[in-house]
Amino acid sequence: MRPEQVLERRYRRLLACYPSGYRAMYGEEMLAVAMAAAGPGRRWPDPGEAADLIRSGIRRRLGSLRPGPLSPAWRDAAAAVAIIGPVLMAAFAARPLPVPAGADYGWDWFDSTSFGGIIVAVLWSAVAVAGMLRWRRLALAGCCVLFTGLILDTGHESVGVPYEMGASWWKLLFTVLITGSALLALKSGQRPFSWRAITTAAVVAVLLAALPAIERATVAGPVIARIWTWPAQRAYFSGENHYLHIQAWLSGVLPVGLALILLVAIARQSTAVRPRMIILLGPVAMALALDACGYGIFDTEYPVLFHPTGLPAGLGTWQWPIAIIATPVLCFVIGLTWLSWYERKLRRRGAAGEPE
Amino acid sequence: VTEKTLQEPAFLVLTSLAGRPQHGYGLVEDVLRVSDGQVRLHTGTLYAILDRLREGGLIEVDREEIVESRLRRYYRLTDAGAERLATEAVRMQRNASAAASRLQRLRPGPMLKPEGGLA
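Residues numbered from 1 in each chain as written. Chains lettered and ligands numbered in written order. Predicted model: local features only at pLDDT ≥ 70, side-chain atom pairs only at ≥ 80, totals over all residues. Heavy atoms only, no water.

A.B. asks: Describe the interface of chain A and chain B, listing the residues and the values that go with them.
C.D. replies: The interface is formed by 27 residues belonging to chain A together with 17 residues belonging to chain B. Summed over both sides, the interface of chain A with chain B buries roughly 1,900 Å², with 49% coming from carbon and sulfur. Its salt-bridge partner being arginine 73 of chain B, residue glutamate 29 of chain A comes within 2.8 Å of it at the nearest N-O pair. Those elements that provide at least two residues to the side of chain A that touches chain B are α2 (20–38), α3 (47–65) and α12 (319–352) of chain A. The dominant element in the side of chain A that touches chain B, judged by the number of residues it contributes, is α2 of chain A, at 13 residues. Considering only residue class, the side of chain A that touches chain B consists of 14 nonpolar, 2 polar and 11 charged. (Contact = heavy atoms within 4.5 Å. Buried area = accessible area lost by both parts, 1.4 Å probe. Salt bridge = Lys/Arg side-chain N within 4 Å of Asp/Glu carboxyl O. Helix = DSSP H or I, 4+ residues; strand = E, 2+ residues; numbered from the N terminus. Nonpolar A, V, L, I, M, F, W, Y, C, P; charged D, E, K, R; others polar.)

In structure tokens form, the structure reads like this:
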């Protein structure tokens with residue numbers, strides 16, 4: 001084999017450090033430059049040249065995972081999330097919560113909407129209104145207060161009842177997201193929703209959340225005497241099982257309804273803002289969907305009624321919570337990577353004068 | 001590239017392209033010449049710069065040729081690139097003048113020559 005062929009093969013190996021898209025764009029050209037710079041008769045790449053190719057290739061790969069500088073589209077997406085998020089959190093705060101109440105799991109599992117829940121709902125609504133008025137610092141301050149309150153409340157409730165922490169995982173994630181979005185939105189001049197749109201969303205969300213509370217308040221007495229008897233799961237029903245209605249509503253209709261509100265809110269944004277909103281909200285939607293299916297962090301030890309209780313995919317007691325936490329994070333990273341790749345492709349097409 | 005100050009290699013690449021459209025290896029040689037042998041661009045660094053300048057709309061592809069079965073892509077300066085280079089040159093000139101005048105006040109006497117010796 002001639003020295004040039006050997007050298008070319010070695011340079012091609014070095015070019016493998018670059019992502020495939022970049023190689024397709026510049027690979028042949030870079031090879032030509034490296035070969036011309038090497039001169040005739042060489043079999044090995046110049047060490048400086050080789051080190052530079054490896055360093056640039058790795059930097060390129062890592063760079064493609066890193067989000068670009070904060071564009072106005074990110075700020076506008078954050079501004080939208082910082083308004084629609086509090087509306088949904090207010091609706092969830094006002095719903096009746098399924099919490100263990102004593103040894104007999106029955107009707108009392110569902111607390112009717114508490115005074116604390118109403119206060120939290122009012123505070124989240126105030127944050128949404130502050131966002132709509134573009135009082136961004138006030139909205140951020142409100143988010144911080146609610147985040148701190150959630151941490152303190154979860155810590156307090158979780159003493160001896162780890163289920164509480166598991167049940168609050170998606171809520172914690174959503175609160176972190178809303179607070180982060182309120183921070184990013186500080187410099188956004190946009191008001192992403194009209195008053196009419198946000199009022200409609202709030203009314204629908206409140207109705208969705210309030211319906212089980214109305215049923216809980218209007219149906220008298222325990223219909224189910226006892227749901228759980230160790231070691232088997234048993235249910236004793238007498239008459240109509242309202243428990244099932246509420247469970248189905250809380251785990252099915254409510255999340256789906258609120259997800260639809262989110263989708264409509266996303267659809268009303270510009271093309272640049274839409275994918276960013278999906279990337280921001282995707283992890284929370286994922287955590288909420290897992291929660292609604294019964295896959296909370298502590299579900300293996302504290303199974304919720306009618307939820308799957310086995311450990312999927314052979315994961316251990318502590319591996320499963322880690323998987324539950326890692327899934328939304330992974331979802332966020334995949335979203336960012338996709339957006340980075342897609343926008344780079346669009347820019348390249350634009351630079352080459354191709355139609356998009 | 002469009003908002004931050006240009007780094008020296010990027011500035012030299014734009015300077016080289018201000019003369020005429022160049023292909024990759026032509027740029028390596030011209031930058032070496034323009035910088036008086038001080039800056040030798042390696043392939044990885046060169047294409048990182050070209051990619052950034054292209055994304056920033058400061059340069060564009062002029063034409064492509066196949067020479068000895070190897071691809072040669074020529075790049076040229078865009079209007080935005082020429083404007084940016086001019087702005088950067090003025091900025092650097094202003095900074096150099098400020099430095100020279102302060103040095104003059106610090107050490108009155110003959111000006112420093114570019115090579116570092118005294119005139």
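A.B. asks: Provide a residue-level description of the packing of aromatic side chains, including the pertinent values.
C.D. replies: Residues and elements named next belong to chain A. What the rule picks out here adds up to 4 aromatic pairs over all chains. A centroid spacing of 5.0 Å and a plane angle of 5 degrees characterise the contact between tyrosine 18 and tyrosine 22, whose relative ring orientation is stacked. Accessibility classification places tyrosine 18 together with tyrosine 22 in one group, the buried group. With centroids separated by 5.1 Å and ring planes inclined at 10 degrees, the aromatic side chains of tryptophan 338 and tyrosine 342 adopt a geometry described as stacked. Here tryptophan 338 pairs with tyrosine 342, and both are found in helix α12, just 4 residues apart, close to one helical turn. (Phe/Tyr/Trp six-rings, centres within 6.5 Å; stacked < 30°, edge-to-face > 60°. Buried < 20%, exposed > 50% of the residue type's maximum accessible area, 1.4 Å probe, protein only.)

A.B. asks: Residue-level account of the pattern of salt bridges, with values.
C.D. replies: Counted under the stated rule, the structure contains 16 salt bridges over all chains. Between arginine 12 of chain A and glutamate 8 of chain A there is a salt bridge whose closest N-O contact spans 3.0 Å. Here the residue arginine 12 of chain A and the residue glutamate 8 of chain A both occupy positions in helix α1 (residues 3–15), the gap between them amounting to 4 residues, near one helical turn. Overall, arginine 12 of chain A belongs to the partly exposed group, its relative accessible area being 39%. Taken together, the shared-partner salt bridges in this structure form one network comprising Glu60, Asp62, Arg63, Glu65 and Arg76 of chain B.

A.B. asks: Describe the packing of helix α2 (residues 24–34) of chain B against helix α3 (residues 43–55) of chain B, and please don't skip the residues or the numbers.
C.D. replies: Residues and elements named next belong to chain B. In the contact formed by α2 and α3, the axes pass within 11 Å of each other and the chain directions differ by 105 degrees. Classified by the interaxial angle, the pair formed by α2 and α3 is roughly perpendicular. Contact residues: α2 offers Gly24, Leu27 and Val28, while α3 offers Leu46, Tyr47 and Leu50. Of the residues belonging to the contact of α2 with α3, the class tally is 5 nonpolar, 1 polar and no charged. (Axes fitted to C-alpha atoms, helices over the stretch in contact; angles between N-to-C directions. Parallel < 35°, antiparallel > 145°, perpendicular 65-115°, else oblique.)

A.B. asks: I'd love a proper account of a nonpolar patch on the surface, names of residues and values included.
C.D. replies: A contiguous nonpolar surface patch, about 480 Å² in accessible area, is contributed by Val129, Leu133, Trp135, Leu138 and Trp195 of chain A. In this fold, tryptophan 195 of chain A is placed in helix α9 (residues 195–218). (Patch = residues over 30% accessible without salt bridge, like charges linked within 9 Å, V, L, I, M, F, W, Y side chains within 5 Å. Areas by Shrake-Rupley, 256 points an atom, 1.4 Å probe, with all protein chains shown as cover.)

A.B. asks: Pulling in residues and values, what's your account of helix α4 (residues 72–93) of chain A?
C.D. replies: Under the 1.5 Å per step criterion, the end-to-end length of α4 of chain A is 31 Å for 22 residues, consistent within 8% with the ideal 32 Å. Counting buried residues in α4 of chain A gives 20 out of 22 residues, a clear majority hidden from the surface. (Expected span 1.5 Å × (residues − 1).)

A.B. asks: Which residues make up the nonpolar core, and what are the values?
C.D. replies: Ile84, Phe174 and Met277 of chain A are the most contacted members of the largest nonpolar core, which totals 55 residues. Of all elements in the fold, only α4, α5 (115–132), α6 (136–158), α8 (169–184), α9, α10 (242–267), α11 (273–292) and α12 of chain A reach the threshold of two or more residues within this core. Broken down by element, this core gets its largest block of residues, 14 residues, from α4 of chain A. Setting aside residues no more than four positions away along its own chain, methionine 277 of chain A makes contact with Ala77, Ala80, Val81, Ile84, Ile266, Gln269 and Gly282 of chain A. Judged by nonpolar contacts, the second largest core, of 38 residues, contains Leu31 of chain A together with Phe11, Leu12 and Leu53 of chain B. (Core = buried A, V, L, I, M, F, W, Y, C linked by side-chain atoms within 4.5 Å.)

A.B. asks: Could you give me a rundown of the environment of tyrosine 25 of chain B, with the residues and numbers involved?
C.D. replies: Looking at where tyrosine 25 of chain B falls in the secondary structure, it is placed in helix α2. Once the C-alpha coordinates of tyrosine 25 of chain B and histidine 42 of chain B are considered, the two residues, 17 residues apart in sequence, prove to be 9.8 Å apart. The contacts of tyrosine 25 of chain B, once residues within four sequence positions are left out, are Val33, Ala36 and Ala37 of chain A.

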